[in-house]
Amino acid sequence: MLLFFTLGLLVHFVFFASIFDIYFTSPLVHGMTPRFTPLPPPAKRIVLFVADGLRADALYELDENGNSRAPFIRNIIMHKGSWGISHTHVPTESRPGHVALIAGFYEDVSAVAKGWKENPVEFDSLFNESKYTWSWGSPDILPMFAKGASGDHIYAYSYDAQREDFGAHDATKLDTWVFDNVKEFFHAARNNQSLFSKINEEKIVFFLHLLGIDTNGHAHRPSSREYKDNIKIVDDRVKEIVSMFKQFYGNDEKTTFIFTSDHGMTDWGSHGAGHPSETLTPLVTWGAGIKYPQKVSAQQFDDEFLKEWGLEQWKRSDVNQADIAPLMASLIGVPFPLNSVGTLPVDYLNNTDLFKAESMFTNAVQILEQFKVKMTQKKETTLPFLFTPFKLLSDSKQMDILRKARSFIRQGEYDEAISLCKELIHLALKGLSYYHTYDRFFLGTNVVIGFVGWTTYASLLIIKSHSNLTRHVSKEVKKPSHLLPCIFVAVGISVALFLLIQACPWTYYVYCLLPVPIWYAVLREFQVIQDLVVSLLTFPLSLIWYLLVFILGIEVLVLSFFYRCMLTAGLTAFAVWPFFTQLWIQAKITSMSWTFFCLFLAVFPLMPVVGREPDISLVMGAGLLVLLLSLLFMISLMKRKTSFGKEELLVQLLQMMNIVISMYVVYNTHSSLLRKQGLPLTNQIVSWATLASSLVVPLLSSPVLFQRLFSILLSLMSTYLLLSTGYEAFFPLVLSCLMFIWIYMEQETLQQSGVSSKQKLTNIHFSYSTDITQFRQLYLDDIRRAFFLVFFLVTAFFGTGNIASINSFDLASVYCFLTVFSPFMMGALMMWKILIPFVLVMCAFEAVQLTTQLSSKSLFLIVLIISDIMALQFFFLVKDYGSWLDIGTSISHYVIVMSMAIFLVFLNGLAQLLTTKKLNLCGKPKSHLI
């Protein structure tokens, strides 16, 4: 069985990794030739302002008095430049946003593994193609454009990472640092001949990364005074910098200014997903080569923004974020970034029609070259008779479009040339996507075959080893045939040779060869399949209804990933379950308690997602409720005169004290941050100490079932309170109460089925040395128990928010631990917050297994099958079309379910450790009477 679980874990890791190979491979290709417009550019230099985390509406809208909070930028829109909305892509994070702006392509998710700080793959960028680039800003953004760049012409000036503090007194200092250093730089250049000559060259870029708005948005929300005041400060300082540039270069009219943002931000201060508040960012351009404002009588847009912002008279030109890179390259006459997929927005250019047509032609050739390289690479690794080219863009069609476009330019028909180039770009991008996803169907089919095989084998193993379904059908044992292994060996060799001939990556061998041994194991159990079919023919019709309800329950779980209210529907169904059984007659109080807590827990999925409306008073209320329950539990134990000695009393008092301290730390930290005094060091030390001790203190408590479970709850609640910002602080408490009732309910159902005599729960101990002879075979009720576990685990995931969406996370939940930006540490803390309810459910499940005398391995197999059935459905639901939000969400659902299957093994081990291990304060083990 240990070998089976090891293999199962390995198989699930392969299935988990497959989604990244199929959907998340890098889109980059190498081997193209740099292309640039052959005509003189309008600008010598570009100044790029990126206001990190700035929403389009926050910049463009008028305040309550009808005034703009960015008067300088608004004056530019109305009198000097062009403007619009830059549409970003998921994930709306700083690194991929800046890569799209500066390199012109949408980065694959593999960059997450590097924390957005390193370059998982080398890529070209506007900075790399420039003669010189000087940049100022965050240490999280600037280094990635310098690393891997050819030559030594990119200069980055960053402040210390410790300045990125969400609890700082004034986050606008991050922006004023940038502006002050830019002014000092130009002041120093006047007295440095070498530097002076460099910054007077052509084809140079100045990049100002402004992080203050993003930091204030996370800390105080975009609707806050701090966020809006930061926009005013940035607007004032941009005005100063523009004036300084004009003076320094003697009003030579050769400077282009671009003001934009990498991503927006939700109302509750997060980003990462595809909500319009995250994907709609401002773009304002002016200066050399930029078209002046155009007054129009009407504009056709699906939204009502123009009227809301009072800008309906000024022409709005929207772009995709990657379009900004070719725009900047065209303006200063450098080669378009090699991997750019952006389309030059000619509506922004103030130049001759010839320049626009030539620039668009260069843009089309640059993207077409990527298509050609991608096609060649795929053709070289595919057998000729299996290769299917992209039919919409054949070699002859490429030559025809290029010839016609060049002919139109010679004849002065520039609009027709631009239109033809746009068509070529559109087809080339479709072709790039076609070849990028060329092997997707092939790999997906192999993964599905392996998935189905694995689920079938696990089901047969349960039937064969853990049930009585086939015990009395066939006694005859047939010798295994030697033909079957020979056939599968031949199939495996054929598949390996096929992949070898096509020079496929090593991961392809894993996905294609894995189904071979899995299906061999399935077909070896052919006798079990035969016996099962015979056995099912004799089963009553009620079994079919039971299986239909089971399938319906799985579908409810799948729907709950899209609609959280389905969890409410499921919990409501659970609430009425006792009324359809003998439980209502047999154990009224237990049944009523079960119904009450099911309905109570059902409220949470109907609540708004955590973090949108923080309320520390609710956290305090949850802490007080925990203390009250602790006191009642302690009194009840003392009244019963159970094994509740001085050591156990001391441990519980210590845990109650931890709850009080956690409440104080939350309140004090919240007050300190409101006063903009930062995170007190004492609070930070206490928070980390509480987290570190949360998995050790329960081991000091008694191994008696409910005493240990309550100790685990108290210990984890002290940490959960520190990670809470509102109503979610009540969630693990209500969930735990339902788990305690579940243990009672399962013991009642066990007695009802006549499996064993009823044990007194207060006398049951958790223990490593479980008597295997007590384990029994599986019954239909055990399928329900396994389903309950999966349902409660999904509820733990989605009960207080949709974790499939990055913007559901609220950075404020980690402020008791740290406020300085650290993506991995903050991510780890938020993940632990999610896992705490998970651990509570798994510990309760350990108790259910113990009280129902059932092997954890057999129940775990059923849980694995349920999660695999869900994962297979999500695999089919994965999208590579539609909105970026739909694509990201569909992939994250699959990842979550597969992660649940993998982490269940580890969480099961953690739950066993927490429930069965015993540490002693006095060094000597203490005996307890049962």
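The rules behind the values
- Residues numbered from 1 in each chain as written.
- Predicted model: local features only at pLDDT ≥ 70, side-chain atom pairs only at ≥ 80, totals over all residues.
- Heavy atoms only, no water.
- Helix = DSSP H or I, 4+ residues; strand = E, 2+ residues; numbered from the N terminus.
- Contact = heavy atoms within 4.5 Å.
- Salt bridge = Lys/Arg side-chain N within 4 Å of Asp/Glu carboxyl O.
- Patch = residues over 30% accessible without salt bridge, like charges linked within 9 Å, V, L, I, M, F, W, Y side chains within 5 Å.
- Areas by Shrake-Rupley, 256 points an atom, 1.4 Å probe, with all protein chains shown as cover.
- Lys, Arg positive; Asp, Glu negative; His and termini not counted.
- Charge placed at Lys NZ, Arg CZ, Asp CG, Glu CD.
- Core = buried A, V, L, I, M, F, W, Y, C linked by side-chain atoms within 4.5 Å.
- Buried < 20%, exposed > 50% of the residue type's maximum accessible area, 1.4 Å probe, protein only.
- Expected span 1.5 Å × (residues − 1).
- Arc of directions from axis to C-beta.
- Phe/Tyr/Trp six-rings, centres within 6.5 Å; stacked < 30°, edge-to-face > 60°.
- Lys NZ or Arg CZ within 6 Å of the ring centre and 35° of its normal.
- Axes fitted to C-alpha atoms, helices over the stretch in contact; angles between N-to-C directions.
- Parallel < 35°, antiparallel > 145°, perpendicular 65-115°, else oblique.
- Left-handed = near helix turned anticlockwise from the far one by under 90°.
- Polar contact = N/O pair within 3.5 Å; in protein donor to acceptor, adjacent residues only side chain to side chain.
- Nonpolar A, V, L, I, M, F, W, Y, C, P; charged D, E, K, R; others polar.
- Pairing = 2+ DSSP bridges.

### Regarding the overall build of the protein
- Scanning the protein for helices and strands turns up 34 helices and 8 strands.
- Considering only intrachain contacts with a sequence separation of at least 6, the fraction spanning at least 24 residues in the protein is 80%.

### Re the pattern of salt bridges
- Going through the model one piece at a time under the given rule, you end up with 21 salt bridges.
- Across the salt bridge formed by Glu240 and Arg237, the nearest N and O atoms sit 3.3 Å from each other. Of this pair, Glu240 and Arg237 are both found in helix H10 (residues 225-248), 3 residues apart, which corresponds to roughly one turn of the helix.
- Residue Glu746 pairs with Arg784 through a salt bridge whose shortest N-O separation is 2.8 Å. Within this pair, whereas Glu746 is found in helix H30 (residues 731-752), its partner Arg784 is found in helix H31 (residues 780-798), the two being separated by 38 residues in sequence.

### Overview of a negative patch on the surface
- On the surface, Asp353, Glu413, Asp415 and Glu416 cluster together into a negatively charged patch.
- Note on placement: Glu413 falls in the loop between helix H15 (395-410) and helix H16 (414-436).

### Points about unusual backbone geometry
- We note that Asn251 has phi near 50 degrees; this positive angle belongs to a residue other than glycine.
- Residue placement: Asn251 occurs in the loop between H10 and strand E6 (255-260).
- In the Ramachandran plot, Glu253 falls in the positive-phi region, its phi being about 55 degrees despite a non-glycine side chain.
- With respect to the helices, strands and loops of the structure, Glu253 is situated in the loop between H10 and E6.

### Here's the deal with the nonpolar core
- With 162 residues, the main nonpolar core has Trp594, Phe792, Met870 and Tyr894 as its most contacted residues.
- Tyr894 has contacts with Phe15, Phe16, Ser18, Ile19, Phe451, Ala871, Phe874, Phe875 and Val878, leaving out every residue within four places of it along the chain.
- In terms of nonpolar packing, the next biggest core, distinct from the first, is built from 65 residues, Ala43, Phe105, Leu331 and Ile332 among them.

### Some thoughts on helix H28 (residues 681-693)
- Between the first and last C-alpha of H28 there are 18 Å, a value that for 13 residues agrees with the 18 Å anticipated at 1.5 Å per step.
- When we look at burial in H28, the residues that qualify are Asn683, Ser687, Thr690 and Leu691. Down the axis, H28 shows its buried residues gathered within 95 degrees of arc, on one side only. What points out from H28, more than 90 degrees from its buried face, is the exposed set Leu681, Thr682, Ile685 and Ala692.
- Those residues of H28 that are buried are in contact with helix H27 (646-674), helix H29 (705-722) and helix H32 (823-851).

### Description of the packing of aromatic side chains
- For the structure shown, the criterion picks out 72 aromatic pairs.
- Seen from their ring centres, Tyr60 and Trp83 are 4.9 Å apart, and the 75 degrees between their planes marks the pair as edge-to-face. Of the two residues, Tyr60 is situated in helix H2 (residues 56-60) and Trp83 in strand E2 (residues 81-87); the sequence distance between them amounts to 23 residues. Each member of the pair, Tyr60 as well as Trp83, is classed as buried.
- Lying across the ring of Phe301, Arg316 places its NZ or CZ 3.8 Å from the centre.
- The ring of Phe788 carries Arg784 above its face, with NZ or CZ at 5.1 Å from the centroid.

### Considering a nonpolar patch on the surface
- Taken together, Phe13, Phe903, Val905 and Phe906 make up a surface patch of nonpolar side chains, about 360 Å² in accessible area.
- When residues of the nonpolar patch are assigned to their parent elements, the largest contribution, 3 residues, is made by helix H34 (residues 884-916).
- Within the secondary structure layout, Phe906 lies in helix H34.
- With a relative accessible area of 46%, Phe906 lands in the partly exposed category.

### With respect to the packing of H31 against H32
- Look at H31 against H32: their axes get within 9 Å of each other, and the N-to-C directions meet at 165 degrees. In this view, H31 runs roughly antiparallel relative to H32, as classed from their interaxial angle. Between H31 and H32 the crossing geometry is right-handed. Contacts between H31 and H32 involve Arg785, Leu789, Phe792, Leu793, Ala796 and Phe797 from the first element and Pro837, Phe838, Val841, Met842, Phe845 and Val848 from the second.

### Description of the side chain of Ser68
- In this structure, Ser68 sits in the loop between H2 and helix H3 (71-79).
- By relative accessible area, Ser68 is classed as buried at 17%.
- A polar contact is formed between the side chain of Ser68 and the backbone nitrogen of Ala70, at a distance of 3.0 Å.
- Those residues within four positions of Ser68 in sequence are excluded, and the remaining contacts are Leu59, Glu61, Leu62 and Arg74.

### Things to note about the environment of His271
- Position of His271 relative to the elements: it lies in the loop between E6 and helix H11 (276-279).
- A distance of 3.3 Å separates a polar atom in the side chain of His271 from a polar atom in the side chain of Asp214.
- Within the local environment of His271, its side chain forms a polar contact with the side chain of His218, the two groups lying 3.1 Å apart.

### Comments concerning the packing of helix H4 (residues 94-103) against helix H13 (residues 324-332)
- Their axes nearest at 5 Å, the elements H4 and H13 cross at an angle of 35 degrees. Touching Ala100, Leu101, Ile102 and Ala103 of H4 are Ile324, Ala325 and Met328, all from H13.
- Across the contact of H4 with H13, the residue classes tally to 7 nonpolar, no polar and no charged.

### Side note on the pairing of strand E5 (residues 204-210)
- Counted residue by residue, E5 has 7 buried out of 7 residues, so it is predominantly covered.
- Residues of E5 alternate between two faces, with Ile204, Phe206, Leu208 and Leu210 on one and Val205, Phe207 and His209 on the opposite face, all of them buried.
- When strand E1 (residues 45-51) meets E5, the two strands line up parallel, connected through 7 bridges. Bridged to Arg45 within E5 is Ile204.

### Observations regarding the sheet that holds strand E8 (residues 319-320)
- What the 8 strands build is an open sheet, ordered E4-E3-E5-E1-E6-E7-E2-E8; its pairing is mixed. The open sheet has two edge strands, strand E4 (154-158) and E8, and neither has a second partner.
- Those strands touched by helix H7 (residues 173-189) are E1, strand E3 (132-137), E4 and E5, and its axis lies near 150 degrees from that of E5.

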